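Residue-level structural notes
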Amino acid sequence: MLPRRRHELPPTAGLPLKLTDLRPGAATLAADVAALLGTPPLALTCSGTAALLIALATLHELQPARRRVLMPAYTCPLVPLAVHQAGLEPVPCDLRPGHYDMDPHALRAACDERTLAILPTHLAGRVADVDDALAVANNVGACVIEDAAQALGARRDGASVGLAGDIGFFSLAAGKGLSIYEGGLLAARDPELRERLARTAARLAPFQLGWELRRSAELLGYAALYRPHGLRLAYGNPLRKALRRGDPVAAVGDDFSLPLPLHAVGRWRQAVGAHAAKRLPAFIEQCTARAQRWLPRLRAIPGVEVLDDPAGAHGTWPFFMLLLPDAQRRDAALEQLWQTGYGVSRLFIHALPDYAYLGGIVPTSDVPNARDFAARSLSIGNSEWLTEADMEAICGVLEASAR
Ligand SMILES: *Cc1c(COP(=O)(O)O)cnc(C)c1O
């Protein structure tokens, strides 16, 4: 059995905050990130989920007869919850076998004149096939919303992801790269659509002092604890406790509930994010450099497949997504790695139709490839604290489990 690591590693590489980030400053977070990424103006929201909800509400105003929203059947449970809260119908679409993209045949079969939007998803910092979603959307008159919640800084053909479709969004939640504990960014190329999105946001998500105080306190906690000394308290201990009581959904934080909060983001949190955003380009470069160093080592393990980007795309590397040959071998690896502090985990526990608490929101559907992906995948956090020795320990377990 692998010994417990002394300090806990995080399951995803977040950009650690510094004490000086907490000083007051200009509330320019959205403008600063837009300048760094080279995008049109971005709108700051209180979460990635809120950005999606605002996007859906805006599109539904324009196309009130359409109510169905297509998403990969393996994605964050917040996505169907946002669709539901917007008064619309989530429709899970099966994946390509052994891949994070939606299956082109399943997508075509599921889309028609009732489809409001398709959500290609840049899972795990990898770059998704937005072109296929655009082709299908054009055929049926639907829109494309790029879910880039996990991919702030990812690029395709030199440009930021999130702009090839009608609307895109990023998450600034804890552990998703740049974070203000909870936040999101909304992108759209068309100025008129941006104007509509801003009007929807002002209507649905006004400033609320109670939420601002709560999120400010949480941001202070995140700044204090997102480091090796704090992660046992903030991440490792709750994870182990949930796993001991047999609740993997709670262990990875997949257990969300309605209603999803909608409010604005105050000036101080924006200033904190703006200070930290100055380090975003270097942070993404460092994550990418670590990934390039370790990908060959991981790929050399028989039975292990590591997800990568299509040609011309440069995703970010918050963590590595691995597929093992079957659920039994994946579980054997997790037996040693999940609770021992190495930042190895699972991304989402189930395919969307298999979350008990989403019953009545996500329709039951036949999504064998998404179920297979959930059963065979694991993640390795690509944080700056992961050492050569850690990676060797992880690879040793994978070599023994995957064969
Ligand atoms: C986290 C996540 C979201 C939601 O973003 P929040 O900022 O946590 O609300 C949406 N989609 C995907 C794929 C995510 O991972």
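This text follows the structure it describes.
Scope of this entry: the structure provided in the associated data block. Everything numeric here is computed off the predicted structure, so don't read it as measured data.

The next subject is the pairing of strand β12 (residues 319-323). β12 sits mainly inside the fold: five of its five residues count as buried. Here β12 shows no split at all, with F319, M321 and L323 on one side and F320 and L322 on the other all buried. Direction of pairing for strand β10 (residues 305-306) relative to β12: antiparallel, over a ladder of two bridges. Bridge pairing links E305 to L323 in β12. When β12 meets strand β14 (residues 377-381), the two strands line up antiparallel, connected through five bridges. Bridge assignment links F320 to a residue of β14, and that residue is I380.

With antiparallel pairing, three strands are arranged side by side in an open sheet as β7-β6-β11. With one partner strand each, in any of the chains shown, β7 (159-160) and β11 (313-314) form the two edges of the open sheet. The pairing of strand β6 (residues 155-156) with β7 spans two bridges and is classified as antiparallel. What sits directly across from R156, in β7, is A159.

So, about the layout of surface pockets. Counted as a void, the second largest pocket has a volume near 200 Å³. Lining the second largest pocket are L36, L37, G153, R155, G158, L280, P281, I284, T288, H314, G315 and T316. For the lining of the second largest pocket, the secondary-structure elements that each account for two or more residues are α1 (29-37) and α11 (280-299). At four residues, the largest contribution of residues to the lining of the second largest pocket is made by α11. Of the residues that constitute the lining of the second largest pocket, the class distribution is five nonpolar, six polar and one charged.

Taken N-terminus to C-terminus, the directions of helix α2 (residues 48-62) and helix α3 (residues 78-85) make an angle of 40°; their axes are 9 Å apart at the nearest point. In this view, α2 runs oblique relative to α3, as classed from their interaxial angle. Judged by the sense of rotation from one axis to the other, the crossing of α2 with α3 is right-handed. Residues T49, L52, L53 and L56 of α2 form the contact with α3, whose own contacting residues are L78, V79, A82, V83 and Q85. For the contact of α2 with α3, a count of residues per class yields seven nonpolar, two polar and no charged.

Applying the stated criterion to the full structure yields seven aromatic pairs. Following the ring pairs from residue to residue traces out a cluster consisting of Y181, Y222, Y226 and W385. Its end group placed over the ring of W317, R126 keeps NZ or CZ at 3.4 Å from the ring centre. Lying over the aromatic face of W294, R293 brings its terminal NZ or CZ to 4.5 Å of the ring centre.

Before going further, it helps to examine the side chain of T45. Residue position: T45 is located in strand β1 (residues 43-45). Among the residues examined, T45 registers a relative accessible area of 5% and is labelled buried. Within polar-contact distance, the side chain of T45 engages the backbone oxygen of S47 at 2.8 Å. Excluding its chain neighbours within four sequence positions, the residues that come into contact with T45 are A50, A51, I54, G183, G184, L185, L186 and V265.

Thresholds, definitions, all that
Residues numbered from 1 in each chain as written. Predicted model: local features only at pLDDT ≥ 70, side-chain atom pairs only at ≥ 80, totals over all residues. Heavy atoms only, no water. Buried < 20%, exposed > 50% of the residue type's maximum accessible area, 1.4 Å probe, protein only. Helix = DSSP H or I, 4+ residues; strand = E, 2+ residues; numbered from the N terminus. Pairing = 2+ DSSP bridges. 1 Å grid on protein atoms, 1.4 Å probe; cavity = no way out; pocket = protein on both sides within 12 Å on 5 of 7 lines; lining within 4 Å. Points joined across faces, edges and corners; volume = space filled by probe spheres on them. Nonpolar A, V, L, I, M, F, W, Y, C, P; charged D, E, K, R; others polar. Axes fitted to C-alpha atoms, helices over the stretch in contact; angles between N-to-C directions. Parallel < 35°, antiparallel > 145°, perpendicular 65-115°, else oblique. Left-handed = near helix turned anticlockwise from the far one by under 90°. Contact = heavy atoms within 4.5 Å. Phe/Tyr/Trp six-rings, centres within 6.5 Å; stacked < 30°, edge-to-face > 60°. Lys NZ or Arg CZ within 6 Å of the ring centre and 35° of its normal. Polar contact = N/O pair within 3.5 Å; in protein donor to acceptor, adjacent residues only side chain to side chain.

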